[in-house]
Amino acid sequence: MLLLLVGGCATSPVDTPSATTPTQVPYRETFRLGGRLLAEDDQQRFATSFSWDHAPKRSTLTLLSPTGQTLAILTLETSVATLRTPDGERQETDAAALLEPLLGFAPPPLSALTAWIQGHPGPTPDRIERDPTGRLQRVWHSGWIVTFDSWQDARPRRLTIERGAARLVLLLDTWNPES
């Protein structure tokens, strides 16, 4: 979503991220997701609903106004990201460069985000905290802190993703794994 590529610092892991707990669903490479997001920092606030179609070679994020009009469509393919808005179309090799003006900050890495929304710790987390049932409660990754605020069944329902003053809140309304 407004969610893509960045790096950062490291601390020592609390637990082994590769272990799947009994409450986790399998990681999906392909999915369709809908929800709402809030992106804010010290200077701006951006709220929208979104739909996200994700596959290994192509990912499309559509941002919608409260009345359902398309605000922006971000398409990620192997080596290029394209952002289409009512003002025109831009391409970059780094999707974060396209999203940063909308969000007000560079978004988290897509590889980590696709794991977090599925209730997985993502690639190379710095630290992990789990609740008593074994579900993720908090993940630290390259300076980002992800808090799993609520769950629905075995999938996260609400996540808060923070780095410094940057804050991204995702409320996941619909989830459709694709085969």
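Just so it is clear, the structure is predicted and the values come from calculations on it, not from any experiment. (Residues numbered from 1 in each chain as written. Predicted model: local features only at pLDDT ≥ 70, side-chain atom pairs only at ≥ 80, totals over all residues. Heavy atoms only, no water.)

Caption draft 1: Summary view of the confidence of the model for the chain. On average, residues of the chain score 86 in pLDDT, and 87% of them are at 70 or above. Scored below 50 in pLDDT, residues 1-20 shows 74 contacts in the model against residues more than four places distant or in partner chains. (pLDDT = per-residue confidence, 0-100. Contact = heavy atoms within 4.5 Å.)

Caption draft 2: Structural context of the sheet that holds strand 3 (residues 58-64). If you trace the 11 strands from one edge of the open sheet to the other, you get 6-5-4-3-2-1-11-10-9-8-7, paired in antiparallel fashion. Because the sheet does not close on itself, it has two edges, and the strands there are strand 6 (88-92) and strand 7 (127-130). Going across the sheet, the axis of each strand differs from the next one's by a mean of 20°, ignoring polarity. Pairing of strand 1 (residues 31-40) with strand 2 (residues 45-54), which is carried by 10 bridges, proceeds in the antiparallel orientation. Each residue of the ladder has a partner; that of Glu 40, found in strand 2, is Arg 45. (Pairing = 2+ DSSP bridges. Helix = DSSP H or I, 4+ residues; strand = E, 2+ residues; numbered from the N terminus. Axes fitted to C-alpha atoms, helices over the stretch in contact; angles between N-to-C directions.)

Caption draft 3: Structural detail: the pairing of strand 9 (residues 144-152). Sheet topology places strand 8 (residues 136-141) next to strand 9; 4 bridges connect them, and they run antiparallel. What sits directly across from Trp 140, in strand 9, is Ile 145. Linking two consecutive strands that pair antiparallel, namely strand 8 and strand 9, is a turn of 2 residues; a positive phi of about 50° is found at Ser 142 within it. The pairing of strand 9 with strand 10 (residues 155-163) spans 7 bridges and is classified as antiparallel. Of the residues in strand 10, the one forming a bridge with Thr 147 is Thr 160.

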